[in-house]
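Listed below, chain by chain, are the residues.
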Amino acid sequence: MVLKGKAWKFGDSISTDLICPGRYFHLRSNLPELAKHVLEDADAQFAAQMARGDFVVAGGNFGLGSSREHAPTIIKLAGVSAVLAKSFARIFYRNAINVGLPLVECDTDLIEQGDELTVDLAAGTVQDFTKKIELKSHSLPRAMLNILNDGGLLAHIEKHGDFKLD
Amino acid sequence: MGKTLAEKMLSEKSGQDACAGGIVIARVDVAAFQDGTGPLGVRQLQKMHLEKLRAPKAILFIDHAAPSPRKELSNDHMLLREFSRKSGAILSDIGEGVIHQRLVESYVKPGDVVIGADSHTCTSGALGAFATGMGSTDVAIGMAMGRTWFKVPETFRVEVKGDFTPGVGSKDLILYLIGLLGADGATYKALEFGGPAIEKMSMESRFVLANMAVEAGAKTGLIASDRITKEYLRSRGRTKDWRALAPDKDAEYERVIEIDARKLVPQVAFPHTVDNTRNISKALGIKVDQVFLGTCTNGRIEDLKIAAQIIRGKQRAPGTRLVVVPASRDVFLSAMKSGLLDVFVRAGGIVLGPGCGPCVGVHQGILGDGEVCLSTANRNFRGRMGNPEGLVYLASPATAAYSAIKGEISDPRDVYAKKRRRGRVMKPRRKKK
Ligand code: SF4
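Residues numbered from 1 in each chain as written. Chains lettered and ligands numbered in written order. Predicted model: local features only at pLDDT ≥ 70, side-chain atom pairs only at ≥ 80, totals over all residues. Heavy atoms only, no water.

### Digging into the site of the ligand
Residues and elements named next belong to chain B.
Part 1 of the reasoning: Taken together, H64, V98, H100, D118, H120, T295, C296, C356, C359, V360, N378 and R384 are the residues near the ligand.
Part 2 of the reasoning: Looking at the shell around the ligand residue by residue, the classes come out as five nonpolar, five polar and two charged.
Part 3 of the reasoning: Both domain 1 (5–261) and domain 2 (268–410) contribute no fewer than three residues apiece to the shell around the ligand. (Near = heavy atom within 4 Å. Nonpolar A, V, L, I, M, F, W, Y, C, P; charged D, E, K, R; others polar. Domains from an automatic or database assignment.)

Spelled out as structure tokens, the structure:
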């Protein structure tokens, strides 16, 4: 799968509180409404101005903090095609794969706000057309790749009737 | 080769030889939701028509917004209550307390595998259980199937020796460690705490260590199950739930971190990350608008006792609000019986019902723009307490209590030093023989 879009650049340590603020706790059963506030406390313009297919590009430890699956869910719902970061927090990583949001672990330092990117998940490569560079990404562990390819954990269990990790 | 606590427990529950780095499918003993993550999890189960729950203990906790401040959340609560009726999942309704405190009080036993749709599920690891936080879908599937998959974590052993100085405790130790490791320094790892200082440590203080393991990115925080664990379970009327559990002597650790408790001083985590910790000397004098004493980290009876000792007979500083939230009904009752609540209310504080309270910014104590809260919780991310313009500092119950009467961040060791001095004056000098 090759994904195309523009980069929205964020810093290090983007917590789930920044992605999905606690003050919208009451919207957790109204995901489309919650998605309008995605990443609001990190970049107030992001939700309104991003286009479907764009990428969230961040520094280290993206998604640290609470286990709220709403965080990757609303990133996906908002239309983000993948999150690129230097590293991801553990629970967020697992949640993103479970809800079918692709994650790309790579060195994001050279990517800047507004760069045109394509991401090839299978090949594990990121092309930055603005900078004319290609980046290599770490591949997902096999177990997680299987879940992502099935379309998330529910679809995976529905398809196999059990965990089918290897 | 010897096994770490994590490898031992996952081997037992998976029937495989679990070694760090491998992937296992393990039985789940306890699976839990709270009211923020439960509605999504329950809807996933309904979508899959998975209403027969195979996890021996499936529990729904209503604690984050308890009681509900908004109709949307009241409706979420209705969904959880109805699901409990239909599926037989245990319901822990408003007033019973915070998920992690309730889990250790009544449900988790040493050796259990515990998954909870809440990142601080690692708290139960202090009982010698493999306990970790996951998202709603993972927990839903684990609850329904009674099994889940794990990557067996590598372990960092944290070896602690020496006695703590009065006024310094487990919260300072864990804040110090997180500052040392960084917020992602233990990502995917298990933190295993041990050594002479941990062997002597009360169960309540141990929970603080395991609770905050996730703030260094860890999957879980583990402590061997020993006679202190046994005594804790006995005090809860659960002697039968105890078993001894310890890592092998020749277990392999990715890293060993040694800490001397004698050298620790009170720690404060500055906004807006938990690893932004500094010695208290760097924080002295910061004006505090609100002190929050509570949460799954430090809302237990030991914490309330320490705070009450410092506050007794004093008044909160003018301009500093004091919000106290016991972590569970039992903590509330016991604090009431022993007169601790009296101390807080007389000092000008407010005591709220058991639950998460203002910890996650849903209700009960949201900060104003630019306001400073000194909190005994585990997180200080921007926006955490309901307002991205608020500033949250984290510290121990002793530091929080002393700062509440001083109106600014203050060093609780002063209290104990004064007490000692006074003690010396009161005691008649013993004559040398
Ligand atoms: S007290 Fe705070 S950290 Fe603990 S479970 Fe509740 S919201 Fe989470």
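### Comments concerning helix α8 (residues 203–211) of chain B
Part 1 of the reasoning: Within α8 of chain B, nine of the nine residues are buried, which leaves the element mostly enclosed by the surrounding structure.
Part 2 of the reasoning: Looking only at α8 of chain B, the buried set comprises M203, E204, S205, R206, F207, V208, L209, A210 and N211 of chain B. (Buried < 20%, exposed > 50% of the residue type's maximum accessible area, 1.4 Å probe, protein only. Helix = DSSP H or I, 4+ residues; strand = E, 2+ residues; numbered from the N terminus.)

### Here we look at the interface of chain B and chain A
Part 1 of the reasoning: Taken together, the contact pairs 50 residues of chain B with 37 residues of chain A.
Part 2 of the reasoning: Approximately 3800 Å² of surface area, both sides summed, lies buried where chain B meets chain A, with 63% of it carried by carbon and sulfur atoms.
Part 3 of the reasoning: Linking chain B with chain A are three salt bridges, by the criterion used here.
Part 4 of the reasoning: A salt bridge links D17 of chain A to R384 of chain B; the shortest N-O distance between them is 3.4 Å. (Contact = heavy atoms within 4.5 Å. Buried area = accessible area lost by both parts, 1.4 Å probe. Salt bridge = Lys/Arg side-chain N within 4 Å of Asp/Glu carboxyl O.)

### Quick look at the sheet that holds strand β9 (residues 190–194) of chain B
Residues and elements named next belong to chain B.
Part 1 of the reasoning: One open sheet holds the four strands; their spatial order is β10-β9-β8-β11, and the pairing between them is parallel. The open sheet terminates on both sides in strands that have one partner only, identified here as β10 (220–223) and β11 (255–260). With strand direction ignored, the average angle separating the axes of adjacent strands in the sheet is 25 degrees.
Part 2 of the reasoning: Examined bridge by bridge, strand β8 (residues 155–161) and β9 share five bridges and lie parallel to one another. (Pairing = 2+ DSSP bridges. Axes fitted to C-alpha atoms, helices over the stretch in contact; angles between N-to-C directions.)

### Concerning the packing of helix α5 (residues 90–98) of chain A against helix α6 (residues 142–149) of chain A
For any two helices packed against each other, one specifies the crossing angle of their axes together with the interaxial distance.
Residues and elements named next belong to chain A.
Part 1 of the reasoning: For the pair α5 and α6, the least separation of the axes is 8 Å and the interaxial angle reads 35 degrees. Each of Y93, R94, I97 and N98 in α5 lies in contact with α6, whose residues at this interface are M144, I147 and L148.
Part 2 of the reasoning: Residues of the contact of α5 with α6, tallied by class, amount to five nonpolar, one polar and one charged.

### Considering the domain arrangement of chain B
All names here are of chain B.
Part 1 of the reasoning: By domain assignment, chain B separates into domain 1 (5–261) and domain 2 (268–410).
Part 2 of the reasoning: Distance between the C-alpha centres of domain 1 and domain 2: 24 Å.
Part 3 of the reasoning: The interface of domain 1 with domain 2 comprises 36 residues on the first partner and 31 residues on the second.
Part 4 of the reasoning: Summed over both sides, the interface of domain 1 with domain 2 buries roughly 2700 Å², with 54% coming from carbon and sulfur.
Part 5 of the reasoning: The interface formed by domain 1 and domain 2 holds two salt bridges in total.
Part 6 of the reasoning: Where domain 1 touches domain 2, the interface holds 22 residue pairs in polar contact (both at pLDDT 80 or more).
Part 7 of the reasoning: Going through the elements one at a time, α4 (99–107), α6 (170–181) and α8 are the ones with two or more residues in the side of domain 1 that touches domain 2. (Polar contact = N/O pair within 3.5 Å; in protein donor to acceptor, adjacent residues only side chain to side chain.)

### Let's talk about helix α3 (residues 71–87) of chain B
Count 3.6 residues to each turn of an α-helix, and residues three or four apart come out pointing the same way.
Residue and element names in this part refer to chain B.
Part 1 of the reasoning: Look at α3: 24 Å from first C-alpha to last across 17 residues, which is about the 24 Å you get at 1.5 Å a residue.
Part 2 of the reasoning: Those residues of α3 that sit buried are L73, D76, H77, L79, L80, F83, S84 and S87. Relative to the axis of α3, the buried residues are bounded by an arc of 155 degrees and lie together on one face. Opposite its buried face, α3 presents the exposed residues K71, M78, R85 and K86, each directed more than 90 degrees away.
Part 3 of the reasoning: In the core, the buried residues of α3 are packed alongside β2 (30–34), α2 (38–47), β3 (57–61) and β4 (90–92). (Expected span 1.5 Å × (residues − 1). Arc of directions from axis to C-beta.)

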